[in-house]
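Listed below are the residues making up each chain.
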Amino acid sequence: MSRSIVRQSKFRHVFGQGVKAEQGYDDIRVSKVTWDSNFCAVNPKFLAVIVESSGGGAFLVLPLSKVSRVDKNYPLVNGHSGPVLDIDWCPHNDNILASGSEDCSAMVWQIPDQSLSRPLSEPIVVLEGHSKRVGIVSWHPTARNILLTAGSDNLIIIWNVGTGEPLVSMEDHPDLIYNVSWNYNGSLFCTTCKDRRLRVCDPRKREVVAERLAPHEGVRPMRAIFTKDGNIFTTGFTRMSQRELGLWDPTNFEEPIALLELDTSNGVLLPYYDPDANMVYLCGKGDSSIRYFEITEEPPYVHYLSTFSSKEPQRGMGFMPKRGVDVSKCEIARLYKLHDKKCEPITMTVPRKSDLFQDDLYPDTAGPDPALEPEEWMEGRDEDPILVSMRQGYVPPKSRELKVARKNVLDSRPSTRRSMSTCDANSLPPQVLERLLEELQNLKSTVLSQEKRICDLENKLSQYTNGTA
């Protein structure tokens, strides 16, 4: 008699649950712009949602504690002149948010710890380098103040936000870029593009180091994210328009590690990755369900765990970093589901009987301190994120101001030669010294005569304007 062997995994019984109605965020006019973006970004302090706005683009920023109904006159962040397409919180400063817009610019904002009392329209820095709309903004996972932007001009620019300067510009994509994902230590990033290619790019070498044509055979948009061990997880469509997921080794793109067909639907599957649990949550726009999978080293490598289903379709989704979850309730992930008029937090929990801290569920996770400065990263250094323990939970630090130091053009000029007055006069031949002195006298007399001419002309001009001439 054969017995089926059940795979052992501590995440096999993870279940999703929506919060009570009074713990959600109501009366939010979620943006209706047609762009496959998350429309939502969240961190341990704030929830940010791209909203409908007249006269330009705007997004709403709420402290996580400000639940229930949102006042219709609540102040917005509204510095963009066109609709906002993407937003992303800085992983190293919970008060810093980047936004990309149809107005061809990206902006970086400092959000105060307390609720906004008036609309915020002055960013701390404006990043202008794209000739078309900026649809993707993504912070570097380990280096301070490094931000990637991608636009509909098929251009990727990496900025040092601390100086407002572009560090790297890449023009390797011939068509629209669908998404960009950094790897665990930020040494590489992968992209998906409308030309149906999956690319792995090294930004400091400014080159594509690996690429694969049509990891999914369908022509509809794809998504790709790096996993912690360096593989790439993709979502896309088959030739018959069935949704599909794949796992790839970027050092050998010939065959997938795993390829799995899911269902038939139009919505692009947006993947959200938890590097600590090695789990992926798939949320399709227009779907009313969230599927989640575990990635392991044993076949079939991508294991289906379960599905959270609800009645309402989702317009977008936000994913809380691990340091923002509630360890006392064995919560391993929290997603923020956008409806038409509200945002609903959804908790993912591992059922445990003990109230003690569960070491196996919460390994040390990426903390808020950067591992590298921008200059070190540009010089070629790579570091994994600096980890923090979750044993005592995580308390967000108070606001830290981001100082933008614009580089002075004069600082980058070549060092000037020493002037003759600083040279040793005795080292010059007498005739050279006489010629220099004579030239100096001539220049002085020329300047004096020109100054006198300028004074005469100014006097005449004033007489004409006063009508005394």
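Anything mentioned here points back to the structure above.
Since we're looking at a predicted model, the values are computed, not measured. (Residues numbered from 1 in each chain as written. Predicted model: local features only at pLDDT ≥ 70, side-chain atom pairs only at ≥ 80, totals over all residues. Heavy atoms only, no water.)

A. Fine view of the sheet that holds strand 3 (residues 40-42). Read from one edge of the open sheet, 4 strands run 3-4-5-7, paired in antiparallel fashion. Each edge of the open sheet carries a strand with a single partner, namely strand 3 and strand 7 (77-80). Geometrically, the sheet is characterised by an average inter-axis angle of 20° between neighbouring strands, direction not taken into account. Pairing analysis gives 6 bridges linking strand 4 (residues 46-51) to strand 5 (residues 57-63), with the strands arranged antiparallel. Of the residues in strand 5, the one forming a bridge with Phe46 is Pro63. (Pairing = 2+ DSSP bridges. Helix = DSSP H or I, 4+ residues; strand = E, 2+ residues; numbered from the N terminus. Axes fitted to C-alpha atoms, helices over the stretch in contact; angles between N-to-C directions.)

B. Just the pattern of salt bridges, in detail. All told, the structure shown has 23 salt bridges when counted by the stated rule. Close ionic contact of Arg197 with Glu211 constitutes a salt bridge, the shortest N to O distance being 3.4 Å. Of this pair, Arg197 sits in strand 18 (residues 197-202) while Glu211 is found in strand 19 (residues 207-213), placing the two residues 14 residues apart along the sequence. Accessibility expressed as a relative area gives 27% for Arg197, which makes it partly exposed. One salt-bridge network, held together by shared partners, links Asp195, Arg197, Arg199 and Glu211. (Salt bridge = Lys/Arg side-chain N within 4 Å of Asp/Glu carboxyl O. Buried < 20%, exposed > 50% of the residue type's maximum accessible area, 1.4 Å probe, protein only.)

C. Representation of a nonpolar patch on the surface in the model. Together, Leu433, Leu437 and Leu440 give the surface a local cluster of nonpolar side chains, amounting to about 250 Å² of exposed area. The topology assignment puts Leu433 in helix 2 (residues 430-466). (Patch = residues over 30% accessible without salt bridge, like charges linked within 9 Å, V, L, I, M, F, W, Y side chains within 5 Å. Areas by Shrake-Rupley, 256 points an atom, 1.4 Å probe, with all protein chains shown as cover.)

D. Spotlight on the nonpolar core. Grouped together as the largest cluster of nonpolar side chains are 41 residues, with contacts concentrated most on Ile28, Leu47, Phe59, Val61 and Tyr336. Elements that contribute at least two residues to this core include exactly strand 3, strand 4, strand 5, strand 8 (84-89), strand 10 (105-110) and strand 29 (331-338). Residues in contact with Val61, not counting those within four places in the same chain, are Phe46, Leu47, Ala48, Tyr74, Val77, Trp89, Leu97 and Ile111. (Core = buried A, V, L, I, M, F, W, Y, C linked by side-chain atoms within 4.5 Å. Contact = heavy atoms within 4.5 Å.)

E. Quick peek at unusual backbone geometry. Between Pro299 and the following residue, Pro300, the backbone shows a cis peptide bond with an omega angle of 5°. With respect to the helices and strands, the residue Pro300 is situated in the loop between strand 26 (289-295) and strand 27 (302-309). Although it is not a glycine, Asp27 adopts a positive phi angle of roughly 60°. Within the element layout of this structure, Asp27 appears in the loop between strand 2 (25-26) and strand 3. What makes Asp27 partly exposed here is its relative accessible area of 43%. Unusually for a residue other than glycine, Arg206 sits at a positive phi of about 55°. If you trace the backbone, Arg206 turns up in the loop between strand 18 and strand 19.

F. The arrangement of the environment of Thr235 in detail. Within the secondary structure layout, Thr235 lies in strand 21 (residues 232-237). Its relative accessible area of 1% is what places Thr235 among the buried residues. It is 20 Å that separates the C-alpha atoms of Thr235 and Glu298, two residues lying 63 residues apart in sequence. Dropping the residues within four chain positions of it, Thr235 is found in contact with His216, Pro221, Met222, Arg223, Glu244, Leu245, Leu269, Pro271 and Leu282.

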